[in-house]
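# Topology and contacts: notes
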Amino acid sequence: MVRQEERRAKTRRQLVLAARRAIAARGYEGAALDAIASAAELSKGAVYAHFATKLDLYLAVVEDVLEEARWRLERVALALGSGAAPPAASDAYLSDTGDAEHAALLLDAWTTAGREARVRELLDAFLAERTTVLADAAIRAGQGPKQALATAEMVGRLIDAAVLHARYRGAAAAGETT
């Protein structure tokens with residue numbers, strides 16, 4: 001039974017990774033399940049064996065990118081908690097490793113959240129968590145609660161701007177026209 005569970009988890013991970021690449025390149029709307037299955041070297045039936053709908057696969061991708069955002073946020077919180085100024089702390093979010101794909105996926109999640117309530121719920125929960133993590137770090141650096149909340153909001157917005165800029169740079173470098 002363990003081997004079957006391991007195979008199932010491996011197949012699911014293959015699909016999520018293939019979907020990440022497709023969505024980063026073409027967005028949720030433009031990513032075709034046939035292409036995702038082919039890129040994962042699986043059948044479309046395998047996609048449906050693991051995800052009931054395209055939205056369910058997309059939600060798995062969003063959860064994956066938000067988990068990645070959490071570990072990136074840990075670096076920001078460490079810098080902020082050590083007394084770094086908000087711009088310097090926010091610089092810790094991006095590292096050049098996977099930044100273009102991360103930015104594309106995060107911005108696609110923001111866009112899709114406007115149309116899909118389940119994506120909006122995931123994103124809203126993450127943004128609230130982000131504010132809490134950053135405010136706690138600012139408090140560790142000696143700020144009072146009100147100032148720490150303002151700092152958390154500022155750093156969050158600086159991160160958002162950096163992600164937007166990274167997406168723009170990534171799209172321009174790839175020669176995207178959409």
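A quick note: this is a predicted structure, and the numbers were derived from the prediction, not measured. (Residues numbered from 1 in each chain as written. Predicted model: local features only at pLDDT ≥ 70, side-chain atom pairs only at ≥ 80, totals over all residues. Heavy atoms only, no water.)

The helix and strand tally for the protein stands at eight helices and zero strands. In the protein, the succession of α and β elements from N to C terminus is α-α-α-α-α-α-α-α. Element-wise, carbon and sulfur atoms account for 55% of the exposed surface of the protein, whose accessible area totals about 9500 Å². Separation between the mean location of the 23 positive side-chain charges and that of the 24 negative ones in the protein comes to 2 Å. (Helix = DSSP H or I, 4+ residues; strand = E, 2+ residues; numbered from the N terminus. Areas by Shrake-Rupley, 256 points an atom, 1.4 Å probe, with all protein chains shown as cover. Lys, Arg positive; Asp, Glu negative; His and termini not counted. Charge placed at Lys NZ, Arg CZ, Asp CG, Glu CD.)

Taken as a whole, this structure holds 13 salt bridges when the rule is applied. One salt bridge connects Arg118 with Asp56, and the closest N-O pair in it is separated by 2.9 Å. Taken together, the positions of Arg118 in helix H7 (residues 117–140) and Asp56 in helix H4 (residues 54–81) put the pair 62 residues apart, joining distant regions of the chain. The network of salt bridges with shared partners includes Arg13, Arg20, Asp64, Glu68, Arg72, Asp99 and Glu101. (Salt bridge = Lys/Arg side-chain N within 4 Å of Asp/Glu carboxyl O.)

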